[in-house]
Amino acid sequence: ALHYLGLVCHQSGRHAEACRHLGAAVQLAPGLAFLRANHAEVLRAAGNLEAAEAEARAALALDPAQAAAEFNLAAILTERQRHAEALEHVLRALAARTDWVEALGLGANICIALEERARAQELLARARELQPESPGLLLASHHVARLCGDTLYGFFGHFAGAAPKEFIVNGPQLVFF
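Residues numbered from 1 in each chain as written. Predicted model: local features only at pLDDT ≥ 70, side-chain atom pairs only at ≥ 80, totals over all residues. Heavy atoms only, no water.

**Student:** Tell me about the overall build of the protein chain, and please be specific about residues and values.
**Tutor:** Check the secondary structure of the protein chain and you find 10 helices and 2 strands. Seen in sequence order, the protein chain has helices and strands lined up from the N terminus as α-α-α-α-α-α-α-α-α-α-β-β. Every one of the 177 residues in the protein chain was classed for burial, and the buried ones make up 44%. Accessible area for the protein chain stands at about 8900 Å²; split by element, carbon and sulfur atoms hold 55% of it. (Helix = DSSP H or I, 4+ residues; strand = E, 2+ residues; numbered from the N terminus. Buried < 20%, exposed > 50% of the residue type's maximum accessible area, 1.4 Å probe, protein only. Areas by Shrake-Rupley, 256 points an atom, 1.4 Å probe, with all protein chains shown as cover.)

**Student:** Before we move on, can you summarise the packing of aromatic side chains with the specific residues and values?
**Tutor:** Taken as a whole and judged by the stated rule, the model has 1 aromatic pair. Sitting over the face of the ring of Trp-100, Arg-97 holds its NZ or CZ atom 4.1 Å from the ring centroid. (Phe/Tyr/Trp six-rings, centres within 6.5 Å; stacked < 30°, edge-to-face > 60°. Lys NZ or Arg CZ within 6 Å of the ring centre and 35° of its normal.)

**Student:** Tell me about the pattern of salt bridges, residues and numbers included.
**Tutor:** Within the structure shown, the criterion is met by 12 salt bridges. Between Arg-44 and Glu-41 there is a salt bridge, with the nearest N and O atoms lying 2.9 Å from each other. Residue Arg-44 and its partner Glu-41 are both found in helix α3 (residues 33-45); the two are separated by 3 residues, about one turn of the helix. Judged by its relative accessible area of 18%, Glu-41 is buried. For the salt bridge of Arg-119 with Glu-116, the shortest nitrogen-to-oxygen distance reads 3.3 Å. Taken together, the shared-partner salt bridges in this structure form one network comprising Glu-53, Arg-57, Arg-80, Arg-82 and Glu-85. (Salt bridge = Lys/Arg side-chain N within 4 Å of Asp/Glu carboxyl O.)

**Student:** Describe unusual backbone geometry, and please don't skip the residues or the numbers.
**Tutor:** If you check the backbone angles, Gln-81 has positive phi at about 65° while not being a glycine. Secondary-structure assignment places Gln-81 in the loop between α5 (67-79) and α6 (83-96). Look at Gln-81 and you get exposed, because its relative accessible area is 53%. Even without glycine at this site, Glu-115 takes up a positive phi of about 60°. Relative to the assigned elements, Glu-115 resides in the loop between α7 (101-113) and α8 (117-130). The class of Glu-115 is exposed, set by a relative accessible area of 61%.

Geometric values such as these leave the question of function open.
Shown next, in the form of structure tokens:
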């Protein structure tokens, strides 16, 4: 019950409350990797990146195949500007779930930060195959094309002024919501 209550609080933006509930759930069942992965996510959302990283690593120690923990750790490491390590984790998450659009987007963000633009384009192309109608992915593809000096920039340029809520261009990185 604490787990689900924590998830509901997290979904409604009450991250501190979610941390308390999921933390209590982890105290009761410290050996469940999925609880620790979810706790890592709410800790990240609450801004406690150090504790979030520790919890994601604990989840992976319990279950090295825990794709959600790999993804969460990649997101945490990205926020901590540790992009090379983040890329390793997001690629492991994608190896487990090749159709994970959010992980593909995160991987593209990381690749842009690492100046691996061709790889970013590849990840976004895979994401667009899965969600071809997504305006956020179209805008992300446009942004990466512009960074790569692609001539498609002119064609997609009119989308830049109307970023959808799930996507914002933030400096050299892409941010998905």
